[in-house]
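# Structural characterization, general
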Amino acid sequence: GIGMINLFLKVKKLSAATLLFAVILLVLSTLIVIFASQQGILFDKSTANIVRTKEAYEAAEAGIEFGMAYFQQNASTIVGTPINGYINFSNASTTNVTLANNSRFSVVYTNPIAFNYNLILITSTGTNSENSATRILTQEVQRGSLVINTGTTSVVTKGSVIVGDNAVLNNTSTNQNIRAASTVSFTGNGKTVTSSGMSSNFRTIGPDVQSNVSALANTSQGDFFASYFGTASTDSLRGRVAHYYNNTTNKIYNESSSINGLMGTSIWIDQAAGTTVTLAGDIELGSVTDPVLLIVNGGLSVVGNVVIHGFIFVIGSSGITSAFTGNNEIIGGLATTDNLTISGNSILSFNPTVLTNLRNHASMTFYAKVPGSWKDF
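A quick note: this is a predicted structure, and the numbers were derived from the prediction, not measured.

About the cut-offs
Residues numbered from 1 in each chain as written. Predicted model: local features only at pLDDT ≥ 70, side-chain atom pairs only at ≥ 80, totals over all residues. Heavy atoms only, no water. pLDDT = per-residue confidence, 0-100. Helix = DSSP H or I, 4+ residues; strand = E, 2+ residues; numbered from the N terminus. Buried < 20%, exposed > 50% of the residue type's maximum accessible area, 1.4 Å probe, protein only. Contact = heavy atoms within 4.5 Å. 1 Å grid on protein atoms, 1.4 Å probe; cavity = no way out; pocket = protein on both sides within 12 Å on 5 of 7 lines; lining within 4 Å. Points joined across faces, edges and corners; volume = space filled by probe spheres on them. Nonpolar A, V, L, I, M, F, W, Y, C, P; charged D, E, K, R; others polar. Core = buried A, V, L, I, M, F, W, Y, C linked by side-chain atoms within 4.5 Å.

What follows concerns the confidence of the model for the chain. Scored by pLDDT, the chain comes out at a mean of 88, with 89% of its residues at no less than 70. When pLDDT is averaged over each helix and strand of the chain, the minimum, 64, is found for strand 14 (residues 251-253) and the maximum, 98, for strand 12 (residues 209-210).

Structure below.
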């Protein structure tokens, strides 16, 4: 009887242990299921958050691209109303712009440095379509110009210069009229005018004329071009000009030409090797407030009654001499890589106001991203 009792007690203890173990397993299984379920929910939420954040980020990216294009077209308006040297611009066109997937962006323009309106910070805030996620991107852009330098001299050339007949070079601002890599000569009544009274003619060469400048002679054509435009690549600048002409033969542009009357713009004329483009007749290009940039790749002949406000750059070639004859008047400045003759009643007046207006003209300026300034918040 005692043996049976002991056996019964052992079986009872074993059953209790088994039951307890089963309960523990059941609890553990339940916890694992709950944990897995929570992890699944958390993963779903994380995935959804990632999707929402990515959508907001892409909206902000779209805002940066839009903001740069909009600023390029509306820069004068955006920087036109600063308060105490700072701008803080946004309007209906840049606020809550809705994209195709119903995400949105808002763009604000500011300047990090007081009174400096050449460096602009574009801030784009992107929001996803559910309005549950937001991302902010910023990008600085720096103002540049097609023309970075117009110098302080009426005429700069890598060749020689002849001033004859009744031609006049006039510079009463910096008193520097000619800087040439080769010889400079005067004939007839050709002369220069300065405010100092120290001018040049066929009798005497004054300090306003520098000839046989070795540094200029040793400068490559690419470096010479880059000193005015910031790049040695003619292709790069050619792609930015507003009016481009490609001539395979000699071409005369007269009063009926499409370039006559152009104001506040850039013009590039490509000539066939060894040929010359001629501006003839009654032509007027640019004004004091709206000057032009004229680049000729080849020789340039200006005859008749041509009036140009702006800067002329001639990319000459060996054996070509650019010539200004007739009753022409150039107000601004001139640079050429070839020989130059100024005769007739031509007048070339250095004008810093015209050249400054040219560099700052809206048609000449552009804004480019500042490397390393992109930020993701």
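Further notes follow.
Turning our eyes to something else, we now look at the environment of N218. Note that N218 resides in the loop between helix 2 (214-217) and helix 3 (221-229). Relative accessible area serves as the criterion here: at 67%, N218 is assigned to the exposed category. On a C-alpha basis, the gap between N218 and A181 in space is 8.4 Å, while along the polypeptide they are 37 residues apart.

Turning our attention to the side chain of S349. Its location among the elements puts S349 in strand 24 (residues 347-350). Excluding residues that lie within four positions of it along the chain, S349 makes contacts with N170, I330, I331 and G332.

So, on to the layout of surface pockets. Unfilled space is identified by rolling a water-sized probe across the atoms. As a volume, the largest pocket reaches approximately 260 Å³. If you trace the largest pocket, you find 13 residues lining it, with A75, S76, A362, T365 and Y367 closest to the centre. Elements supplying a minimum of two residues to the lining of the largest pocket: helix 1 (2-78) and strand 25 (365-369). Its residues assigned to classes, the lining of the largest pocket shows five nonpolar, seven polar and one charged.

One finds I178, L279, L300, I308, I312 and F324 to be the most contacted residues of the largest nonpolar core, which totals 34 residues. Examining the composition of this core, we find that four residues originate from one element, strand 20 (residues 305-315), more than from any other. Apart from the residues lying within four places of it in its own chain, the contact partners of I312 are L294, L300, F324, I330, G333, L334 and A335. In terms of nonpolar packing, the next biggest core, distinct from the first, is built from 23 residues, L146, V241, F311 and F313 among them.

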